[in-house]
Amino acid sequence: MGKVAVGIAVACGVAVAAAAAVVIHRRMKKPGTWAKVMEIVKDFEEKCATPVSRLRQVSDAMIVEMHAGLASEGGSKLKMLISYVDNLPNGREKGLFYALDLGGTNFRVLRLQLGGRGRGIVNQQFAEVAIPPSLMTGTSAELFDFIVAELAQFVAQEGSDFEPTPGRQRELGFTFSFPVMQTSIASGTLLKWTKGFNINDTVGKDVVAELTKSMERHGLDMRVAALVNDTVGTLAGGRFVNDDVVAAVILGTGSNAAYIERANAIPKWQGPLPRSGEMVINMEWGNFKSAHLPLTEYDLELDAESLNPGEQIYEKVMSGMYLGEIVRRVLCWLAQEAAFFGDTVPPKLKVPFILGTPAISAMHQDTSHDLKVVINRFKETFEISNTTLKMRLVIVQICNIVATRGARLSAAGILSILRKMGRDTIKEGEKRQRAVIGMDGGLYEHYTEYRKSLESCLNELLGEEVSGTIELELASDGSGIGAAVLAASHSLYLGRDD
Ligand code: BGC
């Protein structure tokens, strides 16, 4: 052996000895590390438990808040906002209408040619654009100008297969998926931002006026005929094609629900009772909070460090924006307290919101025998490549705990709506008409395990007979379509001859 080779062999020997010393040192410093891992995971699982008894308590508390929110403005954490939609679409809507759907990291613009009298949508086109993150926390004018520039470009591309009525201004349904206190069907002030948006100068302003001002700046000649929350749009879009739709739930970046309420059950409504006797209520259920919610220290820390501490607590345990972040926080604790990934906490694991819900959905649903998806996601997201199968099983278990809790809590929310509408029981001899709940949002659409868990929990809560009368139906893009249809039913030109 030459000198150099001997040198390397000695150096390697030293390195191996040093590594062994480190391992021994760590083992000595943290005795029973795996036991500690198991202890942390078990404790987390227990704190996240959602047995039926607890879900019923959550639902009872939500119903109390629903009544309080309907009784007076500010009477509850549940805003129970009046949508000014007292007539849902009936399929006779006709003409060319636009929609602008803003509520998450992307926004969509749509144009729909409605055929009238049951002919439905005869032609449609849409475009989707990502919102640059800097605009989510910038100024109101910057955000609206960005959106309107895209809208103007989209309108300019309108082809001859769409038929605007000559001499009429184009009309738009504006889906704005944040809490808005409506003052009419086409006006309303923003109460607060959610879901990572935080633009101070929009709060307290009429968002339709903001949009209109920007359209004027861009020379876009268009009238906002309806302002709707995405839940209300989904309900209307659902009703356009199916008379049995009575409520809508969004499970996406954020979460919320809308349902049809009897107008005379809304004490805070000051106006004349609508002819239909009904009013769609935007619950803003994301802001629900109750001592019965199974919250853990990870949730409390996430909330405290969020853009809106103390707000949207229900949303923060069940919606797409937060599920991945809860999992990351648990993993971080495991790394810190039980050396789950070795001596140090991997730096990327400390980055808030680096783990998205699509990643936990993919890992949770990994069916490969060695959990390859988990291996790859950990490499891509955290640059961690030393996981063993045993560790990956723990990771999947954490995803499962977080998703199951979220799904079951959303089922409790749906139960509350059905109870409020008197749809949770069937009297002796009664033939109950089926009720459909329009569901939208990426979490519901793409996270199969979440959806399955929600559906089986709802069946468990309702019992077999009632479950048979309730259907959850995916209404993809329902919110944009619904807004365009509501623009049609609130058109300035309604009733005028073509
Ligand atoms: C908003 C709601 C919206 C929901 C789903 C929540 O954060 O407050 O207005 O309907 O997200 O998009």
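Residues numbered from 1 in each chain as written. Predicted model: local features only at pLDDT ≥ 70, side-chain atom pairs only at ≥ 80, totals over all residues. Heavy atoms only, no water.

Our next topic: the sheet that holds strand E13 (residues 470–474). In sheet architecture, strand pairing relies on hydrogen bonds along the backbone and comes in two forms, parallel and antiparallel. Taking strand neighbours across the sheet as the criterion, the six strands line up as E1-E11-E10-E9-E12-E13 in an open arrangement whose pairing is mixed. What marks the edges here is a single partner per strand, and that holds for strand E1 (81–82) and E13. With five bridges connecting them, strand E12 (residues 435–440) and E13 associate as parallel partners. When the sheet's bridge partners are listed, Ala435 is paired in E13 with Ile470. Packed onto the sheet, helix H6 (residues 230–241) meets strand E9 (245–251), strand E10 (255–262), strand E11 (278–282) and E12 and runs at close to 135° relative to E9. Across the sheet, helix H14 (residues 448–467) is in contact with E9, E12 and E13; its angle to E13 comes to roughly 155°. (Pairing = 2+ DSSP bridges. Helix = DSSP H or I, 4+ residues; strand = E, 2+ residues; numbered from the N terminus. Contact = heavy atoms within 4.5 Å. Axes fitted to C-alpha atoms, helices over the stretch in contact; angles between N-to-C directions.)

Feature annotation in UniProt assigns "domain: Hexokinase C-terminal" (unreviewed entry) to the following positions: residues 247–488. From the first C-alpha to the last, residues 247–488 spans 21 Å; its make-up is 50% helix and 12% strand. (UniProt positions renumbered as here; feature names shortened; annotations may be inferred.)

Attention now goes to the side chain of Arg408. Its place among the elements puts Arg408 in helix H12 (residues 389–420). There is a polar contact of 3.0 Å between the side chain of Arg408 and the side chain of Thr50. (Polar contact = N/O pair within 3.5 Å; in protein donor to acceptor, adjacent residues only side chain to side chain.)

All right, on to the pairing of E10 then. Burial of E10 is extensive: seven of the eight residues sit out of reach of the surface. Relative to E10, E9 runs antiparallel, the two sharing five bridges. Following the sheet pairing, Leu251 is matched in E10 by Ser255. Pairing geometry for E10 and E11, over five bridges, is antiparallel. Pairing of Tyr259 across the sheet is with Ile281, part of E11. (Buried < 20%, exposed > 50% of the residue type's maximum accessible area, 1.4 Å probe, protein only.)

Further remarks concern the site of the ligand. Within the structure, the ligand sits among 14 residues, and Thr194, Asn229, Asp230, Glu284 and Glu315 are positioned closest to it. Ser177 places a main-chain nitrogen or oxygen 3.4 Å from an oxygen atom of the ligand. Between Glu315 and the ligand, the recorded distance is 2.8 Å, taken from a side-chain N or O atom to an oxygen atom. When the free accessible area of the ligand is taken as 310 Å², the share hidden by the protein chains comes to 98%. Looking at the shell around the ligand residue by residue, the class counts come to three nonpolar, seven polar and four charged. (Near = heavy atom within 4 Å. Areas by Shrake-Rupley, 256 points an atom, 1.4 Å probe, with all protein chains shown as cover. Nonpolar A, V, L, I, M, F, W, Y, C, P; charged D, E, K, R; others polar.)

Our focus in this paragraph is helix H9 (residues 320–338). Helical geometry: 3.6 residues make up each α-helical turn, so side chains three or four residues apart lie on a common side. A rise of 1.5 Å per residue sets the reference length of H9, with its 19 residues, at 27 Å; its end C-alpha atoms lie 28 Å apart and thus fit the reference within 8%. Of all 19 residues in H9, 15 are buried; the element is thus mostly enclosed. Downstream of H9 by one or two residues, Ala339 has phi in the positive range, about 45°. (Expected span 1.5 Å × (residues − 1).)

Our next topic: unusual backbone geometry. Unlike most non-glycine residues, Lys195 shows phi in positive territory, near 55°. For Lys195, the position within the fold is in the loop between strand E7 (187–190) and helix H5 (207–217). The phi angle at Ala339 is positive, at roughly 45°, despite the residue not being glycine. Here Ala339 shows up in the loop between H9 and helix H10 (357–364).

What follows concerns the sheet that holds strand E3 (residues 106–115). With mixed pairing, the five strands of this open sheet are ordered in space as E4-E3-E2-E5-E8. Looking at strand neighbours, the two that pair on one side only are strand E4 (121–130) and strand E8 (222–228), the edges of this open sheet. Across this sheet, the average inter-strand angle for adjacent strands is 20°, counted without regard to direction. Bridging between E3 and E4 involves nine bridges; their strand directions are antiparallel. Within the sheet, the bridge partner assigned to Val109 lies in E4 and is Ala127. Contacting strand E2 (94–102), strand E5 (170–176) and E8, H5 runs over the sheet at an angle of about 155° to E8.

So, on to the environment of Gly468. Tracing the chain through its elements places Gly468 in the loop between H14 and E13. Taking the C-alpha atoms as reference points, Gly468 and Met391, separated by 77 residues in sequence, lie 41 Å from one another.

What follows deals with the side chain of Arg108. Within the fold, Arg108 resides in strand E3. Side chain to side chain, Arg108 and Glu128 meet in a polar contact 3.0 Å long. Sequence-distant contacts of Arg108, that is, excluding residues within four places in its chain, are made with Ala99, Leu100, Asp101, Phe126, Ala127, Glu128 and Asp477.

As a further point, take the nonpolar core. Membership of the largest hydrophobic core comes to 91 residues, with the highest contact counts inside it found for Met283, Trp285, Leu331, Tyr450 and Leu454. Among the elements that make up this core, the one with the highest residue count is H12 (17 residues). With 35 residues, the next largest nonpolar core counts Tyr98, Leu135, Leu172 and Val180 among its residues. (Core = buried A, V, L, I, M, F, W, Y, C linked by side-chain atoms within 4.5 Å.)

One pass over the structure, following the stated rule, counts 25 salt bridges. The closest approach of N and O atoms between Arg419 and Asp60, which form a salt bridge, is 2.9 Å. On the criterion of sequence distance, the pair formed by Arg419 in helix H12 and Asp60 in helix H3 (residues 52–71) is long-range, its members being 359 residues apart. Under the relative-accessibility criterion, Arg419 is labelled partly exposed at 30%. (Salt bridge = Lys/Arg side-chain N within 4 Å of Asp/Glu carboxyl O.)

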